[in-house]
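Per-entry structural report
So you can see what is in the structure, the chains are spelled out below.
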Amino acid sequence: MIILFLLAGLALFVFMGYGLFTLSRKRTPDPFPSTWESLLSDEVLFYKELTPKKKEFFKKRMMAFLTEVNVEAVGFDLSDKDKVFVAASAVIPIFNFGDWHYNNLDTVLIYPDYFNANLEYHSEGEDRIIGGMVGTGQFENHMILSRKALHFGFNNKTDKGNTAIHEFVHLLDKMDGEVDGIPEQLLGKENIVPWLDMMHTEMEAINNDTSDIRKYGGTSKIEFFAVAAEYFFERPDLFKRKHPELYKMLEVCFVTGY
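These numbers were taken from a predicted model, which means no experiment stands behind them.

1. Regarding the overall build of the protein
A count of helices and strands for the protein gives twelve helices and four strands. By residue count, 45% of the 258 residues in the protein fall in the buried class. Look at the contacts in the protein between residues 6 or more apart in sequence, and 63% of them connect residues 24 or more apart.

Next comes the structure, spelled out in structure tokens:
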């Protein structure tokens, strides 16, 4: 009996050790496909404006992301452009964070069209208006994106929005355990009160139709942070000119302060 117990314990130890090893073992990212270079250069303005050295780092971070996070299509075949757009959207907000990883994300699901709160994308009706969301409950550690919204974020070069970047910013907001529009770990505690004051002032301007920030940013603090970040990355020069103080605060978040 004792021998059987010891053997069983040894087997369990080996099994657990193997499990811990396989979970902690990092996969080596695949090489960046040469055919993706033109997609990045033609479609992703953030990448296009980087120096050659930073472009190489951007591609390295993309491939690391695609190694760590599953990108899956629902109802269609995943294309190279889908993968490039998702990975680029993930890298843009954290580009200046060094070797940073989305530990709160396992899978990105791409639906072919906009969807509703029940995650239905094939029904008719005005409620099918969602372009992206960070999952909760059974979809914890998942992100769901509409393919149409994903592509529109990069194809439209003149707007101030990008749905996929918006959702990845929500994940950054969640770093302190709560999605609340107050990115404490990015801003630093000394900037929280100024950020809140600035946010409330700008949200009031949005709701009074005296701001060029997208109206969705006026619906909650959570959405304000993500909408302002979209603008910051999509039209940085215009954002800096129109909202210099807000630009400086987001620069602390995404460029200088982390």
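2. Side note on the packing of aromatic side chains
The geometry of an aromatic ring pair is captured by two quantities: the separation of the ring centres and the angle between the planes. Counting across every chain of the model gives 25 aromatic pairs. For the pair Phe46 and Phe233, a centre-to-centre distance of 6.3 Å together with 70° between the ring planes defines the contact as edge-to-face. Residue Phe46 is found in helix 3 (residues 45-48), and its partner Phe233 is found in helix 10 (residues 221-234); the two are separated by 187 residues along the sequence. Looking at Phe46, the relative accessible area reads 22%, which means it is partly exposed. Exposure remark for Phe233: the relative accessible area of 10% places this residue in the buried category. Taking 6.2 Å as the distance between ring centres and 90° as the angle between the ring planes, the aromatic pair formed by Phe232 and Phe239 counts as edge-to-face. In this structure, Phe232 and Phe239 share a single accessibility class: buried. Over the face of the ring belonging to Phe32 we find Lys59, whose NZ or CZ atom lies 5.2 Å from the ring centre.

3. Here we look at the nonpolar core
In terms of nonpolar packing, the biggest core is built from 68 residues, with Phe58, Phe65, Tyr102, Val108, Phe168 and Phe254 touching the most fellow members. Discounting residues that sit within four places of it in the chain, Phe254 has contacts with Pro93, Asn96, Phe97, Val169, Leu172, Leu186, Phe225, Ala229, Phe232 and Phe233. Counting five residues, the second-largest nonpolar core is a separate cluster that includes Tyr111, Phe115, Leu119 and Ile144.

4. Considerations on the sheet that holds strand 3 (residues 132-134)
Backbone hydrogen bonds hold the strands of a sheet together, and the pairing may be parallel or antiparallel. Read from one edge to the other, the open sheet built from four strands follows the order 1-2-4-3, with strand pairing classed as mixed. In this open sheet, the two edge strands, each paired with only one partner strand, are strand 1 (70-73) and strand 3. For this sheet, the mean angle separating the axes of adjacent strands, direction not counted, is 15°. As paired strands, strand 3 and strand 4 (residues 142-146) are joined by three bridges and run antiparallel to one another. Each residue of the ladder has a partner; that of Met133, found in strand 4, is Ile144. Running at roughly 75° to strand 4, helix 6 (residues 147-155) makes contact with strand 2 (107-111) and strand 4 of the sheet.

5. Points about helix 5 (residues 80-94)
In this model, helix 5 (15 residues) spans 22 Å end to end at C-alpha, consistent with the 21 Å of a helix rising 1.5 Å per residue. Among the 15 residues in helix 5, twelve count as buried, and that is most of the element.

6. As for the packing of helix 7 (residues 163-173) against helix 10
Their axes nearest at 9 Å, the elements helix 7 and helix 10 cross at an angle of 125°. If you check the angle between helix 7 and helix 10, you find them oblique. The two elements helix 7 and helix 10 cross, and the hand of that crossing is right-handed. Between helix 7 and helix 10, the residues in contact are Thr163, Ile165, His166, Val169, His170 and Asp173 and Ile222, Glu223, Phe225, Ala226, Val227, Ala229, Glu230, Phe233 and Glu234, respectively. Partitioning the contact of helix 7 with helix 10 into residue classes produces eight nonpolar, three polar and four charged.

7. Some words on unusual backbone geometry
Excluding glycine, residues mostly carry a negative phi; peptide bonds, for their part, are mostly trans. Despite not being glycine, Asn141 has its phi angle at roughly 65°, a positive value. Among the secondary structure elements, Asn141 is positioned in the loop between strand 3 and strand 4. A positive phi angle is found at Asp209, which is not glycine, with a value near 60°. Relative to the assigned elements, Asp209 resides in the loop between helix 9 (192-207) and helix 10. A relative accessible area of 55% places Asp209 in the exposed class.

What counts and what doesn't
Residues numbered from 1 in each chain as written. Predicted model: local features only at pLDDT ≥ 70, side-chain atom pairs only at ≥ 80, totals over all residues. Heavy atoms only, no water. Helix = DSSP H or I, 4+ residues; strand = E, 2+ residues; numbered from the N terminus. Buried < 20%, exposed > 50% of the residue type's maximum accessible area, 1.4 Å probe, protein only. Contact = heavy atoms within 4.5 Å. Phe/Tyr/Trp six-rings, centres within 6.5 Å; stacked < 30°, edge-to-face > 60°. Lys NZ or Arg CZ within 6 Å of the ring centre and 35° of its normal. Core = buried A, V, L, I, M, F, W, Y, C linked by side-chain atoms within 4.5 Å. Pairing = 2+ DSSP bridges. Axes fitted to C-alpha atoms, helices over the stretch in contact; angles between N-to-C directions. Expected span 1.5 Å × (residues − 1). Parallel < 35°, antiparallel > 145°, perpendicular 65-115°, else oblique. Left-handed = near helix turned anticlockwise from the far one by under 90°. Nonpolar A, V, L, I, M, F, W, Y, C, P; charged D, E, K, R; others polar.

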